[in-house]
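Notes for the structure review
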Amino acid sequence: MIELLIATTNRGKFAEVESSLKHLPLKIIPLQSLKNFPAVVEDGATYEENALKKARTLAEYSGYLTLADDSGLEVDALNGAPGVYSARYSGEEGDDQKNNEKVLNALKDVPEDRRTARFVCVLALCGLQSQGPKKKLLVRESCEGRIAFSPKGQNGFGYDPIFFYPPLGKTFGEIDRETKATVSHRGKAIKKLAQSLSSIVHLGIKP
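Residues numbered from 1 in each chain as written. Predicted model: local features only at pLDDT ≥ 70, side-chain atom pairs only at ≥ 80, totals over all residues. Heavy atoms only, no water.

A look at the pairing of strand 5 (residues 136-147)
In the sheet, strand 4 (residues 116-126) pairs with strand 5 via eleven bridges, with the strands oriented antiparallel. Following the sheet pairing, valine 120 is matched in strand 5 by serine 142. Relative to strand 6 (residues 163-165), strand 5 is paired through two bridges, and the arrangement is antiparallel. Directly across from isoleucine 147, in strand 6, lies its bridge partner phenylalanine 163. (Pairing = 2+ DSSP bridges. Helix = DSSP H or I, 4+ residues; strand = E, 2+ residues; numbered from the N terminus.)

What follows is the structure, given as structure tokens:
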């Protein structure tokens, strides 16, 4: 069985990835199970740079095949912000409420038709040469929507309560994890990457 390290301390992201890969014969390793794992500074200019840096650093540290994610919200009326700074948009790492409030305040006078936005997710898969035919793999997906006028729903995490998805007529905070996985940026990226993981598993390649 292939052991796969999920390089995130975000419980919401971990749960989404774990759920989406449960059909594969993988042993999922949480990052918190490693002792004294290195902190990776996300100082890249793109999602790709940040995701690859996290995956490569933690693969080299742990010896595991490693999957890392970098994702963000891009609001057209804010010239693509918060983008790669999404997690720390309000100045405090991981403070979802303050991040949401900052976006809503910035858009308080912006009408509905100009509140277009998208979620972007880049997944990076890295491992040692012995762990597969490719040392790295990058996958990018996005999901189009718009910013609601107020938070709605208790599900999900991050900007989900203010991201309105028109095809369902709801915010991501109002839909369950299974439904979200079929349409979200991360769900689509994981599905695409899972095809490559499936090939590795079925080839019987072991770390």
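So that's the structure; there's more coming.
Considering the pattern of salt bridges
Under the criterion given, the structure shown has 14 salt bridges. Sharing partners across several salt bridges, the network here consists of Lys13, Glu16, Asp69, Asp160, Lys180 and Arg186. (Salt bridge = Lys/Arg side-chain N within 4 Å of Asp/Glu carboxyl O.)

Observations regarding the packing of aromatic side chains
For the coordinates displayed, the defined rule picks out four aromatic pairs. Residues tyrosine 165 and phenylalanine 172 carry aromatic rings whose centres are separated by 5.8 Å and whose planes lie at 45° to one another, so their mutual orientation is tilted. Classification of phenylalanine 172 by relative accessible area gives buried; the value is 0%. Counting every residue linked through ring pairs, the aromatic cluster contains Phe119, Phe163, Tyr165 and Phe172. Its guanidinium or amino end placed over the ring of phenylalanine 149, arginine 115 lies 4.1 Å from that ring's centre, counting from NZ or CZ. (Phe/Tyr/Trp six-rings, centres within 6.5 Å; stacked < 30°, edge-to-face > 60°. Buried < 20%, exposed > 50% of the residue type's maximum accessible area, 1.4 Å probe, protein only. Lys NZ or Arg CZ within 6 Å of the ring centre and 35° of its normal.)

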